[in-house]
Amino acid sequence: SLTYAGGAVGNGGDTVFCEDQARVSTFKGFYNLDYLINKISDVEMSKDFEKVVGPNDPSDVNFRRILKAFQSDKKYKVLYYDLKGFYEGIWANVLGQRYVWKKAPYGVVDVEDEGLRHRIPPNCLDAKNQLIQTVLRTPKNWQMEIPGRQGSYYVFGADYTYSTQIISKLLPLQLSFLLFHEWLRNFTHDPELIRDANAVFHSEGWSGDDIEKKLDILKVMRLDNLTTLRIAN
């Protein structure tokens with residue numbers, strides 16, 4: 001049987017640890033929540049995840065793939081610079097920047113988080129049915145300059161506090177999911193929408209005509225704050 005994930009969940013990227021209990025589920029080790037939910041939901045795109053980021057790939061391979069996609073056409077220029085700003089700011093701890101990542105070697109406190117509708121395999125929860133808080137996020141407003149375009153774009157930045165211990169245990173694919181989760185929080189506070197969008201960004205394709213198809217999927221999902229960053233010229 002499965003148990004509900006109750007208690008505090010996390011207002012950023014969450015992690016679960018699944019004990020090795022083959023009779024209960026095939027999951028064992030540390031997983032990002034977005035990845036796990038998509039896998040147990042059997043979302044079609046979930047079959048792509050391990051193809052996009054393999055066990056021996058660097059954790060940023062998918063960021064570089066999506067950046068290449070957004071760099072391929074000038075209409076994605078704003079999307080490119082927004083994702084590029086996040087990517088280049090990962091793990092930076094310089095105060096006053098758009099993104100600041102503060103280490104928490106002893107872990108981060110549990111806070112009330114996004115409601116979780118899905119059931120989690122019972123071997124992936126502790127005795128209190130709690131997930132592992134991995135990142136705390138404090139959003140802030142930011143003005144982003146785009147080379148070659150006049151004016152500024154008002155966007156979000158964030159200060160993060162993250163558990164260095166848990167981050168160090170995540171395999172490349174799980175860390176990629178966690179970091180994309182944090183970028184996607186710039187565009188929506190809906191955890192279900194973030195998890196669905198994370199699946200789209202970790203699906204195969206994202207080249208040629210498929211870029212528009214993927215962005216149209218995100219538009220249908222009502223991730224409007226992201227898809228409206230496409231520009232006409």
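The following paragraphs examine the structure supplied in this document. (Residues numbered from 1 in each chain as written. Predicted model: local features only at pLDDT ≥ 70, side-chain atom pairs only at ≥ 80, totals over all residues. Heavy atoms only, no water.)

## Observations regarding the state of the cysteines
Inclusion rule: Cysteine sulfurs are considered disulfide-paired once they come within 2.5 Å of each other. Where helices and strands are cited, they refer to DSSP runs of H or I of at least four residues and of E of at least two residues respectively, numbered from the N terminus. The rule is simple: take the accessible area with a 1.4 Å probe, protein chains only, and divide by the maximum for that residue type; under 20% is buried, over 50% is exposed, in between is partly exposed.
Throughout the structure, instances matching the rule amount to one disulfide. Note on cysteine connectivity: C18 is disulfide-linked to C124, with sulfurs 2.0 Å apart. An S-S torsion of about 105 degrees defines the bridge between C18 and C124 as right-handed. With a gap of 106 residues between them, C18 in strand β2 (residues 14-18) and C124 in the loop between β5 (119-120) and β6 (132-133) connect regions that are remote in the sequence. On the accessibility criterion, C18 (1% relative accessible area) is buried. Accessibility expressed as a relative area gives 2% for C124, which makes it buried.

## Let's talk about the sheet that holds strand β3 (residues 29-32)
Consider a sheet: its strands pair through backbone hydrogen bonds, and that pairing is either parallel or antiparallel. For clarity, the cut-off: At least two DSSP bridges between two strands are required for those strands to pair. Only heavy atoms enter the contact rule, under which two residues are in contact if any of them lie within 4.5 Å. Helix axes use the C-alpha atoms of the stretch in contact, all axes being lines fitted to C-alpha atoms, and the angles between their N-to-C directions lie in the range 0 to 180 degrees.
One open sheet accounts for three strands, arranged β3-β2-β6; its pairing is antiparallel. Because the sheet does not close on itself, it has two edges, and the strands there are β3 and β6. Inspection of the sheet shows β2 paired to β3 by four bridges, in the antiparallel sense. Its bridge partner lying in β3, V16 is registered against Y31. Across the sheet, helix α1 (residues 33-40) lies against β2 and β3, angled at about 90 degrees from β3, the strand it touches most. Together, β2 and β3 form the strand contacts of helix α6 (residues 172-184), whose direction differs from that of β3 by roughly 30 degrees.

## As for helix α4 (residues 77-89)
What counts, and what does not: How far a helix is expected to stretch is found by multiplying one less than its residue total by 1.5 Å.
Given a rise of 1.5 Å per residue, 13 residues ought to cover 18 Å, and the 18 Å separating the end C-alpha atoms of α4 matches this to within 8%. Just downstream of α4 lies W91, where phi reads positive at about 70 degrees.

## Here we look at the sheet that holds strand β4 (residues 99-103)
As summarised here, the arrangement of the three strands in space is β4-β8-β7, forming an open sheet in which the pairing is mixed. If you trace the sheet from one side to the other, it starts and ends with β4 and β7 (135-145), each paired once. Within this sheet the neighbouring strands show an average axis-to-axis angle of 15 degrees, counted without direction. Bridge count for β4 against strand β8 (residues 152-162) is five bridges, and the pairing is parallel. Its bridge partner lying in β8, W101 is registered against Y160. Packed on one face of the sheet, α4 meets β4, β7 and β8 and runs near 25 degrees to β4. α6 contacts β4, β7 and β8 of the sheet and is inclined by roughly 55 degrees relative to β7.

## With respect to unusual backbone geometry
One non-glycine residue, W91, adopts positive backbone phi at about 70 degrees. Residue W206 is not a glycine yet carries a positive backbone phi of 60 degrees. For W206, the location among the structural elements is in the loop between α7 (191-201) and α8 (210-220). The exposure class of W206 is buried, given its relative accessible area of 2%.

## Things to note about the packing of helix α3 (residues 61-71) against α4
In plain terms, the rule: The scheme is simple: roughly parallel for angles under 35 degrees, roughly antiparallel for over 145, roughly perpendicular for 65 to 115, oblique for anything else. What makes a crossing left-handed is the near helix being turned counterclockwise from the far one by less than a right angle; a clockwise turn instead makes it right-handed. When residue character is reported, Ala, Val, Leu, Ile, Met, Phe, Trp, Tyr, Cys and Pro are called nonpolar, Asp, Glu, Lys and Arg charged, and the others, Gly included, polar.
Following both chains from N to C, one finds α3 and α4 inclined at 155 degrees, their axes separated by 8 Å at the closest point. As the angle between them shows, α3 and α4 are arranged roughly antiparallel. The hand of the α3/α4 crossing is left-handed. From α3, F63, R64, I66, L67, F70 and Q71 reach across to α4, where they touch K77, L79, Y80, L83, K84, F86 and Y87. Here the contact of α3 with α4 is composed, by residue class, of nine nonpolar, one polar and three charged.

## Observations regarding the pattern of salt bridges
Close approach of charged atoms allows side chains with opposite charge to pair. Our working definition: Whenever Lys or Arg places a side-chain nitrogen within 4 Å of a carboxyl oxygen from Asp or Glu, that contact is recorded as a salt bridge.
All chains considered together, the criterion is met by ten salt bridges. Here R98 ties to D82 by a salt bridge, and the two come within 2.8 Å at their closest N and O atoms. Residue R98 is located in the loop between α4 and β4, and its partner D82 is located in helix α4; the two are separated by 16 residues in the primary sequence. Neither R98 nor D82 differs from the other in exposure class; each is buried. Within this structure, D34, E192 and R195 form a network of salt bridges that share partners.

These values are about where atoms sit, not about what they do.
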